[in-house]
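What the coordinates show
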Amino acid sequence: MASINKFQELKSIIDGLEGDAEKFFSKGNSAAGTRVRKGLQDAKNVAQELRLGIQELKNSK
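Owing to the predicted nature of the structure, the values given are computational and were not obtained by experimental measurement.

Here's the deal with the packing of aromatic side chains
- In total, this model carries 1 aromatic pair according to the counting rule given.
- For the ring pair Phe24 and Phe25, a centre distance of 5.0 Å and an interplane angle of 75° mean the geometry is edge-to-face.

What follows is the structure in structure tokens.
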């Protein structure tokens, strides 16, 4: 089920990637790039759960 907590989780994942994204894009740190890619995959999965929950709530009204 969708909730504001799921949205906050998605936001937290994205915010947490900022440091590694900076390391990858500015300094070419490939390990940081791997962490960003993993974090983006996690964000994708949470976003999909959120999308489905929102649709479920919308359809139940």
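From this point, the narrative continues.
Digging into the pattern of salt bridges
- Under the counting rule described, the total for this entry stands at 4 salt bridges.
- For Arg35, the salt bridge is made with Asp20, and the minimal N-O distance between the two is 3.0 Å. Of this pair, Arg35 sits in helix α3 (residues 30-60) while Asp20 sits in helix α2 (residues 18-27), and the two are 15 residues apart along the sequence.
- Looking at Asp20, the relative accessible area reads 14%, which means it is buried.
- Between Lys38 and Asp42 there is a salt bridge whose closest N-O contact spans 3.0 Å. Separated by 4 residues within a single helix, Lys38 and Asp42 lie in helix α3, roughly one turn from each other.
- Asp42 gets classed as partly exposed once you look at its relative accessible area, which sits at 30%.
- Through salt bridges with shared partners, a single network forms among Lys6, Glu9 and Glu49.

Cut-offs and rules
- Residues numbered from 1 in each chain as written.
- Predicted model: local features only at pLDDT ≥ 70, side-chain atom pairs only at ≥ 80, totals over all residues.
- Heavy atoms only, no water.
- Phe/Tyr/Trp six-rings, centres within 6.5 Å; stacked < 30°, edge-to-face > 60°.
- Salt bridge = Lys/Arg side-chain N within 4 Å of Asp/Glu carboxyl O.
- Helix = DSSP H or I, 4+ residues; strand = E, 2+ residues; numbered from the N terminus.
- Buried < 20%, exposed > 50% of the residue type's maximum accessible area, 1.4 Å probe, protein only.

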